[in-house]
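Take a look at the letters that make up each chain.
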Amino acid sequence: MSYTELNIDTWERKAHYHFFKAYEEPFFGVSVDIDCTNAYTIAKSNGISFFLFYLHKALTAANIVEAFRYRIMNDSVVIHDNVNAASTINRPNGTFGFSNIEYKDSFEEFEKQARDEIEQVRKGNDLLPSGAGDNVIHFSALPWIKFTSVTHARNFSFADSCPKISIGKITDVGGKKIMPFSVHVHHALMDGYHLGLFIDEFQQLMNQGHLPLQSR
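Keep in mind that this is a model prediction, so the values were computed, not measured.

Asker: Please give an account of the overall build of the protein chain that cites residues and values.
Answerer: Secondary structure assignment for the protein chain yields five helices and 10 strands. Taking 2.2 N^0.38 as the reference for a compact globule, 216 residues should give roughly 17 Å; the C-alpha atoms of the protein chain span a radius of gyration of 17 Å, in line with that estimate. By principal-axis analysis of the C-alpha atoms, the protein chain measures approximately 50 × 40 × 35 Å. Restricting the contact set of the protein chain to residue pairs at least 6 apart, pairs at least 24 apart contribute 73%.

As structure tokens, this is what we get:
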């Protein structure tokens, strides 16, 4: 886990950071519809997991938009070099476990290590993975529910500044496949502007007409 420290004193959001950092609930979020028609077609026609396909694109967008790599560490703000996925993985018995899936530029490399991690989680009984830091995005998949909003369980005694993303049930609307997409972020670290950048970047990546097999 490699990071650099952000200079809060010269940060244009210094006042915003101190204001929202004092909140008991500093997270805010939105739920939007994502057009996943093209991405779904590409994934299915290539015989790959749509879950891993959109997870890679969401992580790519998070690594592009710098604010999604900010974390509060004690009284400092750090910028991680990259962020990974701490995603829920469903088990055959109806429960789930958390995973730690490393981000790779190459989808081919990402998919291989992600499948290994998913297999280990599904075979085990532990809830939490070992070795996970705060350079993660918390992901949860709700493929049974076409939601319009999402809330998250929070332990307010535990310091947490990681973004939280939830994905819901895909439905066909006017010839397109639409996926509900919820994002919650820490307001001390970013505003609606940065959230908009991320959502736009993710949608553009979902619209791409090819597999991201090679590194950028």
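Asker: Tell me what's going on with a nonpolar patch on the surface, and back it up with residues and numbers.
Answerer: A cluster of nonpolar residues, Phe96, Leu127 and Leu128, forms a patch on the protein surface that exposes about 300 Å² of accessible area. Within the element layout of this structure, phenylalanine 96 appears in strand E6 (residues 96-98).

Asker: So what's going on with the side chain of histidine 187? Residues and values would help.
Answerer: Here histidine 187 lies in the loop between strand E10 (176-186) and helix H5 (192-207). A residue is classified by how much of its surface remains accessible, and histidine 187, at 18% relative accessible area, is buried. The residues contacting histidine 187, other than those within four sequence positions of it, are Arg13, Phe20, Pro26 and Phe28.

Asker: Outline the packing of aromatic side chains, supporting the account with residue identities and numerical values.
Answerer: Here the structure, examined in full by the defined rule, presents 14 aromatic pairs. Geometrically, the ring pair formed by phenylalanine 68 and phenylalanine 198 is stacked, given 4.3 Å between the ring centres and 25° between the ring planes. A residue pair is termed long-range when its members are at least 10 positions apart, and phenylalanine 68 in the loop between helix H3 (50-64) and strand E3 (70-73) and phenylalanine 198 in helix H5 qualify at 130 residues. Here the two residues phenylalanine 68 and phenylalanine 198 agree in accessibility, since each one is buried. With centroids separated by 6.2 Å and ring planes inclined at 25°, the aromatic side chains of phenylalanine 181 and phenylalanine 198 adopt a geometry described as stacked. Note that phenylalanine 181 is positioned in strand E10 and phenylalanine 198 in helix H5, a separation of 17 residues in sequence. Pair check on accessibility: phenylalanine 181 and phenylalanine 198 agree, each one buried. When the ring centre of tyrosine 40 is taken as reference, the NZ or CZ atom of lysine 177 above it lies at 4.9 Å.

Asker: Please provide a residue-by-residue account of the pattern of salt bridges, values included.
Answerer: Close approach of charged atoms allows side chains with opposite charge to pair. If you walk through the whole model with that rule in mind, you get nine salt bridges. Here lysine 14 ties to aspartate 9 by a salt bridge, and the two come within 3.6 Å at their closest N and O atoms. According to the relative accessible area criterion, lysine 14 is partly exposed, its value standing at 34%. Aspartate 9 sits in the exposed class, given a relative accessible area of 59%. The closest approach of N and O atoms between lysine 104 and glutamate 102, which form a salt bridge, is 3.7 Å. Under the relative-accessibility criterion, glutamate 102 is labelled partly exposed at 41%.

Asker: Give me the lowdown on unusual backbone geometry, citing residues and values where you can.
Answerer: One non-glycine residue with positive phi stands out, namely asparagine 74, at about 60°. Assignment of secondary structure puts asparagine 74 in the loop between E3 and strand E4 (76-80).

Definitions and cut-offs
- Residues numbered from 1 in each chain as written.
- Predicted model: local features only at pLDDT ≥ 70, side-chain atom pairs only at ≥ 80, totals over all residues.
- Heavy atoms only, no water.
- Helix = DSSP H or I, 4+ residues; strand = E, 2+ residues; numbered from the N terminus.
- Rg over C-alpha atoms; globule rule 2.2 N^0.38 Å.
- Contact = heavy atoms within 4.5 Å.
- Patch = residues over 30% accessible without salt bridge, like charges linked within 9 Å, V, L, I, M, F, W, Y side chains within 5 Å.
- Areas by Shrake-Rupley, 256 points an atom, 1.4 Å probe, with all protein chains shown as cover.
- Salt bridge = Lys/Arg side-chain N within 4 Å of Asp/Glu carboxyl O.
- Buried < 20%, exposed > 50% of the residue type's maximum accessible area, 1.4 Å probe, protein only.
- Phe/Tyr/Trp six-rings, centres within 6.5 Å; stacked < 30°, edge-to-face > 60°.
- Lys NZ or Arg CZ within 6 Å of the ring centre and 35° of its normal.

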